[in-house]
Amino acid sequence: VVAMLVMAVIGLVQMQRINEHLENIVKVNNVKKDLASKLRNTLDFQAIAVRDAVILHGETRNKAIEQILEGRKRGGEEMKALKDFLQESHGRQSELDQLARIGESSMATRPFLNSLMEGLQRGDSFEAEEQLKVVQALQQQDKIRDDINGLIRIEDGLNQQAVSNVQEAYASARLMMIVA
């Protein structure tokens, strides 16, 4: 009877370990990945709006300018939400480093976007030379996207490790039950 009780307690402890790993995947890693994906989607939305604002005219350009402004605001909010969640969830150093790279890449594009927005709001037309600058800025935004994708890869790796831990805990519990 004592052996059965000990086996039951050990089994419950193993099930608790499995549950903790699964909760980490769902409540932490996937949330970070979702936040990073939203940030990447906003960046893509903004890049399309920048391109449209430069090549279009009239009301369509004005709509694109509004989308750029909306994208900048939303991107800032999403970056803050990601940073806050990483701090609350005691993010790993690799995640914090990647977030810093995203911030640095974002800051590198800010002067160009500010200048572009000023020109757009003045109604400047963008000839071939200025359009080349837009292409270069979009390439800088590609760097931000790559940095965001790096964070998503980190989260995927953490999920893979957590799944591996679940599999190990399950195998251990199963073996213990078979031996008993």
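Below is a short write-up of the structure. (Residues numbered from 1 in each chain as written. Predicted model: local features only at pLDDT ≥ 70, side-chain atom pairs only at ≥ 80, totals over all residues. Heavy atoms only, no water.)

The final tally for this structure, using the stated rule, is zero aromatic pairs. The lysine or arginine in question, Arg74, covers the ring of Phe45, its NZ or CZ lying 4.7 Å from the ring centre. (Phe/Tyr/Trp six-rings, centres within 6.5 Å; stacked < 30°, edge-to-face > 60°. Lys NZ or Arg CZ within 6 Å of the ring centre and 35° of its normal.)

The next subject is the packing of helix H1 (residues 2–55) against helix H2 (residues 58–88). Between H1 and H2, the least distance of the axes is 8 Å, while the angle of their chain directions is 160°. Considered as vectors, H1 and H2 are oriented roughly antiparallel to each other. Note that H1 runs across H2; the crossing there is left-handed. Partitioned by chemical class, the residues of the contact of H1 with H2 number 18 nonpolar, five polar and nine charged. (Axes fitted to C-alpha atoms, helices over the stretch in contact; angles between N-to-C directions. Helix = DSSP H or I, 4+ residues; strand = E, 2+ residues; numbered from the N terminus. Parallel < 35°, antiparallel > 145°, perpendicular 65-115°, else oblique. Left-handed = near helix turned anticlockwise from the far one by under 90°. Nonpolar A, V, L, I, M, F, W, Y, C, P; charged D, E, K, R; others polar.)

What follows is about a nonpolar patch on the surface. A cluster of nonpolar side chains, namely Val2, Val6 and Ile10, defines an oily patch on the protein surface of about 260 Å² accessible area. Residue position: Val2 is located in helix H1. (Patch = residues over 30% accessible without salt bridge, like charges linked within 9 Å, V, L, I, M, F, W, Y side chains within 5 Å. Areas by Shrake-Rupley, 256 points an atom, 1.4 Å probe, with all protein chains shown as cover. Salt bridge = Lys/Arg side-chain N within 4 Å of Asp/Glu carboxyl O.)

Interaxial distance between H2 and helix H3 (residues 93–122) falls to 12 Å at its minimum, and their mutual angle equals 160°. One element, H2, and the other, H3, form an angle in the roughly antiparallel class. Two packed elements cross with a definite hand, and for H2 against H3 that hand is left-handed. For the pair H2 and H3, the contacting residues are Arg61, Ile65, Ile68, Leu69, Arg72, Met79, Leu82, Lys83 and Leu86 in the first and Glu95, Leu96, Leu99, Ile102, Gly103, Arg110, Leu113, Asn114, Met117, Leu120 and Gln121 in the second. Classifying every residue of the contact of H2 with H3 gives 12 nonpolar, three polar and five charged. (Contact = heavy atoms within 4.5 Å.)

What follows is about the environment of Val26. Examined against the element boundaries, Val26 turns out to sit in helix H1. The class for Val26 is exposed, based on a relative accessible area of 53%. Between the C-alpha atom of Val26 and that of Ile152, which follows or precedes it by 126 residues, the distance is 14 Å. (Buried < 20%, exposed > 50% of the residue type's maximum accessible area, 1.4 Å probe, protein only.)

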